[in-house]
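Residues per chain, in single letters:
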Amino acid sequence: LLTKLGPSFIKIGQSLSIRTDLLSPAYVRGLKSLQDQVPPFSTAEAREIIENELGSSIDELFVSFPKEPIAAASLGQVYRATIRGEVKDEESGEMVMGEREVAVKVQRPNIMNQIALDMHLIREVAPILKRTFNLNTDFVGVVDTWGAGFVDELDYIEEAVNAKSFMEGI
């Protein structure tokens, strides 16, 4: 059901899947499937998104681009592709032109609008859920924190900067 409801609900389910203090083992087991069994969206859509974002055709951008992603998640999916570019020559240590594998991470179509709408609706329902289930927590605050986290996860440029910084520190 959460998979059909979309990315925001998948993320919430993933968050709840580690809350063994709140949910029964049967629910936790069911929700854990959201950690690694999210269905991908079509590669045709992914290719269109890449071409629109980068302003060139897939054939101009990549030496090879696969038909299927290597992983799919709630907010996007990842492809292992090959590009032409500078690579380090193993013998000389110098940078030369060559081919290298890259990870291409593509967000689901219209993801920002979908998350904004989902979080708005969930936020509207949060006070009702709090009263109905007599929850002793700032449920609206929890929803706001989830929403901010989801939006932060959509900043793939920041993610790339952080990954590069991490790799340079190794």
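Structure report, in brief. Everything numeric in this text was worked out from a predicted model, so none of it was measured.

Locating F9 in the fold gives a position in helix α2 (residues 7-16). As for F9 and S74, which are separated by 65 residues in sequence, their C-alpha atoms are 8.7 Å apart. F9 has contacts with L2, D118 and I122, leaving out every residue within four places of it along the chain.

The angle between the axes and the distance between the axes are what describe a pair of packed helices. Running from amino to carboxyl end, α2 crosses helix α7 (residues 139-153) at an angle of 110°, the nearest separation of the two axes being 11 Å. Here α2 lies roughly perpendicular to α7, going by the angle between them. When the axes of α2 and α7 are compared, the crossing they make is right-handed. Side by side, α2 and α7 meet where S8, K11, I12 and S15 of the first sit next to W146, F150 and E153 of the second. When grouped by side-chain class, the residues that make up the contact of α2 with α7 number three nonpolar, two polar and two charged.

Its place among the elements puts S8 in helix α2. By relative accessible area, S8 is classed as buried at 0%. Side chain to side chain, S8 and D118 meet in a polar contact 3.0 Å long. Among residues more than four places away in sequence, those in contact with S8 are Q114, I115, D118, M119 and F150.

Further remarks concern the pairing of strand β2 (residues 76-88). Where strand β1 (residues 71-72) lies against β2, two bridges are found, and the strand directions are antiparallel. By the bridge assignment, A72 is partnered in β2 with Q77. The turn linking β1 back onto β2 is made up of three residues. The pairing of β2 with strand β3 (residues 95-107) spans 13 bridges and is classified as antiparallel. The partner of Y79 across the bridge, within β3, is V104. Taking the residues that link successive antiparallel strands as the turn, the β2-β3 hairpin has six residues, and the phi of G93 there is positive, at about 80°.

What counts and what doesn't
- Residues numbered from 1 in each chain as written.
- Predicted model: local features only at pLDDT ≥ 70, side-chain atom pairs only at ≥ 80, totals over all residues.
- Heavy atoms only, no water.
- Helix = DSSP H or I, 4+ residues; strand = E, 2+ residues; numbered from the N terminus.
- Contact = heavy atoms within 4.5 Å.
- Axes fitted to C-alpha atoms, helices over the stretch in contact; angles between N-to-C directions.
- Parallel < 35°, antiparallel > 145°, perpendicular 65-115°, else oblique.
- Left-handed = near helix turned anticlockwise from the far one by under 90°.
- Nonpolar A, V, L, I, M, F, W, Y, C, P; charged D, E, K, R; others polar.
- Buried < 20%, exposed > 50% of the residue type's maximum accessible area, 1.4 Å probe, protein only.
- Polar contact = N/O pair within 3.5 Å; in protein donor to acceptor, adjacent residues only side chain to side chain.
- Pairing = 2+ DSSP bridges.

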